[in-house]
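Structure assessment
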Amino acid sequence: MSSYLEKQQEAFKSNVVSAAPKVSKRSLAAPPVAAPSPAPSNASNASKSENRDAKRKREPQNVVYSQPAATGYGTEAFTQVTYVIEFLKKKDEAKTFREILEYLSQVHVEDSKKKLIASILQRHERVRWMPDPTLKHQSWDSGTFIHRPIINVRNKKDLIAYLQNKADAQGVSVKDLKDGWPDCEDVITELEDENRILVTRTKKDNHARMVWSNDPSLIHSIDDEFKVMWLKTDLPSPDDLVRKLLDAGQKPASEDPSKRIKAPPKPKEKKKKAPRKGGRITNQHMAHLLKDFSHVKR
């Protein structure tokens with residue numbers, strides 16, 4: 001007869017065998033649960049924030065507070081002046097400083113910037129500033145401004161006078177003429193047809209490039225009959241011209257190229273070495289060392 005302990009052992013085994021298939025079915029049906037990630041500690045968060053702050057912070061630059069701030073408006077003002085010169089060039093009439101500011105859309109800017117533009121315009125070589133005659137004391141924005149061309153020529157009469165008054169024979173650039181007279185091409189062509197100016201033109205577009213003054217009284221017409229006779233006259237070649245002059249008893253200005261004898265090239269002379277100076281070389285300074293002491297016995 002079995003003891004009580006053996007009965008307990010057999011009951012436990014039977015329970016385990018019956019519960020095994022149920023446990024395997026639950027494990028297959030249940031999805032795998034990921035292991036929870038460890039929560040970040042406060043120390044790691046603090047180190048990350050410190051690294052970000054270090055990346056964002058930059059080293060302070062050396063700021064010289066005694067110098068004015070580099071706003072860049074100086075270069076911008078010169079750009080505005082360039083626009084003003086083109087504006088005055090197109091309008092070709094005097095404009096007030098208020099009209100110039102309206103064109104630049106700079107009416108509501110600071111007075112310091114307006115004064116800078118006005119001072120540059122008043123001293124610019126391409127702009128003529130005319131003070132206001134009604135004011136005894138001129139302000140920084142008073143007076144009118146007008147374009148000053150490179151060459152102050154605007155019609156045919158002024159062009160002829162300007163060319164005739166030139167002290168040198170240098171030509172005048174048409175590009176400089178167009179700075180104050182954009183429509184000068186037609187007048188230049190008209191004066192060229194009248195033989196009153198000399199013109200050089202571009203090969204591609206046949207536009208006038210340079211102009212000179214010309215005297216129409218030096219232009220003479222030649223009869224067509226004389227032109228035909230001139231073209232019918234055959235000129236000898238350069239080689240035959242020397243022989244024909246010699247046959248006619250005239251001395252040519254140049255020698256006959258066929259009889260010209262070229263001199264052979266001279267060989268290069270070798271430089272001779274200069275003889276050494278000083279005469280016979282002796283050892284006088286070593287005479288006391290070269291004495292014969294063999295007769296001296298010890």
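**Describing the overall build of the protein chain**
Counting secondary structure elements, the protein chain contains ten helices and six strands. Out of the 298 residues in the protein chain, the part that is buried amounts to 17%. Partitioning the contacts of the protein chain with sequence separation of at least 6, the portion at a separation of at least 24 is 45%. Surface summary for the protein chain: the accessible area is close to 26400 Å², and the carbon and sulfur share equals 54%.

**Digging into the sheet that holds strand β6 (residues 208-213)**
Spatially, three strands are ordered β4-β6-β5 in an open sheet, and the strand pairing comes out antiparallel. Pairing within the sheet leaves two strands with one partner each, and these edge strands are β4 (172-173) and β5 (197-201). Helix α6 (residues 156-164) contacts β4, β5 and β6 of the sheet and is inclined by roughly 65 degrees relative to β6. Lying on the sheet, helix α8 (residues 185-193) is in contact with β5 and β6; it crosses β5 at an angle near 120 degrees.

**Overview of the packing of helix α4 (residues 97-104) against helix α5 (residues 111-123)**
The interhelical angle for the contact between α4 and α5, taken along N-to-C directions, is 115 degrees, at an axis separation of 12 Å. Where α4 crosses over α5, the handedness of that crossing is right-handed. Across the interface between the two elements, F97, I100 and L101 from α4 touch K114, I117, A118 and L121 from α5. Here the residues of the contact of α4 with α5 are counted per class, giving six nonpolar, no polar and one charged.

**Some remarks on the pairing of β5**
Side-chain positions along a regular strand alternate between the two faces of the sheet. The sheet contact formed by β5 and β6 spans five bridges and is antiparallel. Looking at β6, one finds that I197 is bridged to S213.

**Let's talk about α4**
Regarding α4, the residues found buried are F97, I100, L101 and L104. One side of α4 carries all its buried residues, which in axial view fall inside an arc of 100 degrees. S105, located one to two residues past α4, shows a positive phi value of around 60 degrees.

**Quick look at the environment of L121**
Residue position: L121 is located in helix α5. Sequence-wise, L121 and F145 are 24 residues apart; in three dimensions their C-alpha atoms are separated by 7.9 Å. Setting aside residues up to four positions removed in sequence, L121 forms contacts with V81, V84, F97, I100, V127 and F145.

**Details of unusual backbone geometry**
Despite not being glycine, N195 has its phi angle at roughly 60 degrees, a positive value. With respect to the helices and strands, N195 occurs in the loop between α8 and β5. Even without glycine at this site, N206 takes up a positive phi of about 60 degrees. With respect to the helices and strands, N206 occurs in the loop between β5 and β6. Of the residues examined, N206 reaches a relative accessible area of 49% and is grouped as partly exposed.

**Examining the packing of aromatic side chains**
For the structure shown, the criterion picks out three aromatic pairs. Ring geometry for F97 against F145: centres 6.2 Å apart, planes inclined by 50 degrees, an arrangement best described as tilted. Here F97 is found in helix α4, whereas its partner F145 is found in strand β3 (residues 144-147), with 48 residues between them in sequence. A network of ring pairs unites the aromatic residues F97, W140 and F145 as a single cluster.

**What about the sheet that holds β3?**
As a general point, the strands of a sheet are linked pairwise by backbone hydrogen bonds and lie either parallel or antiparallel. Within the open sheet, the three strands sit side by side as β1-β3-β2. Their pairing is antiparallel. Edge positions in the open sheet fall to β1 (95-96) and β2 (127-130), since each of these has one partner strand only. Judged from the two bridges that link them, β1 and β3 form a sheet pairing that is antiparallel. Its bridge partner lying in β3, K95 is registered against F145.

Each value, and the rule that gives it
Residues numbered from 1 in each chain as written. Predicted model: local features only at pLDDT ≥ 70, side-chain atom pairs only at ≥ 80, totals over all residues. Heavy atoms only, no water. Helix = DSSP H or I, 4+ residues; strand = E, 2+ residues; numbered from the N terminus. Buried < 20%, exposed > 50% of the residue type's maximum accessible area, 1.4 Å probe, protein only. Contact = heavy atoms within 4.5 Å. Areas by Shrake-Rupley, 256 points an atom, 1.4 Å probe, with all protein chains shown as cover. Pairing = 2+ DSSP bridges. Axes fitted to C-alpha atoms, helices over the stretch in contact; angles between N-to-C directions. Left-handed = near helix turned anticlockwise from the far one by under 90°. Nonpolar A, V, L, I, M, F, W, Y, C, P; charged D, E, K, R; others polar. Arc of directions from axis to C-beta. Phe/Tyr/Trp six-rings, centres within 6.5 Å; stacked < 30°, edge-to-face > 60°.

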